[in-house]
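Listed below are the residues making up each chain.
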Amino acid sequence: MMLSEEVKTAYDNFYTNSDVAWRMLGAKYKAQNIVDVCKALKPGKVLEVGAGDGSILHFLNEWNFAPELYAIEIAQSGVDIINGRKLARLKEAQTFDGYKIPYTDDSFDLVVLAHVLEHVEHERILLRELKRVSKYIVVEVPKDYRFGVDTRMKHFLDYGHINMYTPTSLRFLLQSEGLDILEDKVSMTAPETVKFNEFVNKKAPKTFTKSLKIELEYKIKKTLGNLLGRKKQEQFANAYTVLTKKSDQNLHIF
């Protein structure tokens, strides 16, 4: 595919921005979570819905996650950047209106919806479209809802988060839409990501003490979670990833 000069310039500028390193760092861990919950699957065709700039697809492509990758995204600029990545396994990337997926029923083995649902006004409508085109669905959301969340409302709204989830509330949403949960995973933000945010994004002075504090906090929470069990792990988590499949009971609420 030939890129126009305008798109090529935008693409080149995109890749000289430090924001890209931030996006790619976050995407690496999101992609790893997807791979972890899908370890029992061998999908042939995978669609990412709301693929953004294709950062997650980059890693799924590198790691040979599936022979065929597809992407849909609201913004044409995102589609242009995805195509500009020249991913060997990417078969098609196109725009959509945010709800109607432009593929026929059961077109895919797996659909990925990573850090999208918190932005969606009509979440159930989108989930039903995912069910229509695929038997298996992976959903990952940030775990925004936690102690002291009232003080961070503006932060979440600034990022366009209009829905908040706990692991329990997401499981209820998915199961009430006729999706069986096969695997799930809670995850904390990795120390390298926290350090990047502090020392690059926020431009805080990089000190040995600050770096050590970040490392120790992660290790302490990880150890406590392992000792005290799943509820404590969910309390400390920053993201929740779930693999589901369409229920054989074909649940209808409305």
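What you see is a predicted model; the values in this text were computed from it and never measured. (Residues numbered from 1 in each chain as written. Predicted model: local features only at pLDDT ≥ 70, side-chain atom pairs only at ≥ 80, totals over all residues. Heavy atoms only, no water.)

*Asks:* What is the right way to read the side chain of R171 from this model?
*Replies:* Along the polypeptide, R171 turns up in helix α7 (residues 167-176). Take R171: its relative accessible area is 18%, and that puts it in the buried class. At 3.3 Å, the side chain of R171 and the side chain of E234 are in polar contact. Ignoring anything within four residues of it in the chain, the contact list for R171 reads I181, D184, R230, K231, E234 and Y240. (Helix = DSSP H or I, 4+ residues; strand = E, 2+ residues; numbered from the N terminus. Buried < 20%, exposed > 50% of the residue type's maximum accessible area, 1.4 Å probe, protein only. Polar contact = N/O pair within 3.5 Å; in protein donor to acceptor, adjacent residues only side chain to side chain. Contact = heavy atoms within 4.5 Å.)

*Asks:* What am I meant to see in the nonpolar core here?
*Replies:* Within soluble globular proteins, side chains that are nonpolar tend to cluster in buried spots. L47, V49, L117, L130 and L170 are the most contacted members of the largest nonpolar core, which totals 29 residues. Breaking this core down by element, the ones donating at least two residues are β1 (45-49), β2 (68-73), β4 (108-114), α5 (123-133), β5 (134-142), α7, β6 (179-187) and β7 (239-246). Sorting elements by how many residues they give to this core places α5 first, with 4 residues. Contacts of L130, omitting those with residues within four sequence positions, involve V49, I101, V111, L113 and I137. Formed by 28 residues, the second largest nonpolar core is a distinct cluster that contains F65, A66, L69 and V138. (Core = buried A, V, L, I, M, F, W, Y, C linked by side-chain atoms within 4.5 Å.)

*Asks:* Whenever I open this one, the packing of aromatic side chains confuses me. Can you help?
*Replies:* Aromatic rings considered in pairs are described by the distance between their centres and by the relative angle of their planes. Here the structure, examined in full by the defined rule, presents 5 aromatic pairs. Here W22 and F196 contribute two aromatic rings whose centre-to-centre distance is 5.8 Å and whose plane-to-plane angle is 20 degrees, an arrangement assigned as stacked. Residue W22 is located in helix α2 (residues 18-37), and its partner F196 is located in helix α8 (residues 191-201); the two are separated by 174 residues in the primary sequence. Across from the ring centre of F108, 5.2 Å away, lies the NZ or CZ of K45, which sits over that ring. (Phe/Tyr/Trp six-rings, centres within 6.5 Å; stacked < 30°, edge-to-face > 60°. Lys NZ or Arg CZ within 6 Å of the ring centre and 35° of its normal.)

*Asks:* Would you take a moment to explain the pairing of strand β3 (residues 90-95) for this structure?
*Replies:* A regular strand places its side chains on the two faces of the sheet in alternate fashion. With 5 bridges connecting them, β2 and β3 associate as parallel partners. For E73, the partnering residue across the bridge sits in β3 and is T95. (Pairing = 2+ DSSP bridges.)

*Asks:* Could you clarify how one ought to interpret α2 in this entry?
*Replies:* When the terminal C-alpha atoms of α2 are compared, their 30 Å separation across 20 residues agrees well with the 28 Å that a helix rising 1.5 Å per residue should span. Inspection of α2 places V20, M24, L25, G26, A27, A31, N33, I34 and V37 among the buried residues, and these make up the whole buried set. (Expected span 1.5 Å × (residues − 1).)

*Asks:* Just to check I follow, could you spell out the packing of α8 against helix α9 (residues 208-228) for this structure?
*Replies:* When two helices pack together, their arrangement is given by the angle between the helix axes and the distance between those axes. Relative to each other, α8 and α9 sit at 145 degrees, their axes nearing to 10 Å. Of the two elements, α8 crosses α9, and the hand of that crossing is right-handed. Residues P191, V194, K195, E198 and F199 of α8 pack against K210, S211, I214, E215 and Y218 of α9. Along the lines of polarity and charge, the residues of the contact of α8 with α9 split into 5 nonpolar, 1 polar and 4 charged. (Axes fitted to C-alpha atoms, helices over the stretch in contact; angles between N-to-C directions. Left-handed = near helix turned anticlockwise from the far one by under 90°. Nonpolar A, V, L, I, M, F, W, Y, C, P; charged D, E, K, R; others polar.)

*Asks:* Teacher, can you tell me more about the pattern of salt bridges here?
*Replies:* Proximity of charged atoms lets side chains of opposite charge pair with each other. In this structure the tally under the stated criterion is 19 salt bridges. A salt bridge links R171 to D184, with the shortest nitrogen-to-oxygen separation between them at 3.8 Å. Note that R171 is positioned in helix α7 and D184 in strand β6, a separation of 13 residues in sequence. A salt bridge links E234 to R230, with the shortest nitrogen-to-oxygen separation between them at 3.2 Å. Taken as a pair, E234 and R230 lie in helix α10 (residues 230-236) at a separation of 4 residues, close to a single helical turn. (Salt bridge = Lys/Arg side-chain N within 4 Å of Asp/Glu carboxyl O.)

*Asks:* How do you make sense of the sheet that holds β5 when you look at a structure like this?
*Replies:* Pairing within the open sheet is mixed, and its 7 strands lie in the order β3-β2-β1-β4-β5-β7-β6. Edge positions in the open sheet fall to β3 and β6, since each of these has one partner strand only. Averaged over all pairs of adjacent strands, the angle between strand axes in this sheet comes to 15 degrees, irrespective of strand direction. By the bridge criterion, 5 bridges tie β1 to β2 in an arrangement that is parallel. Counterpart to L47 in the pairing with β2 is Y70. Each of β1, β2, β3 and β4 is contacted by helix α3 (residues 55-62), which is oriented at about 180 degrees to β2, the strand it contacts most.

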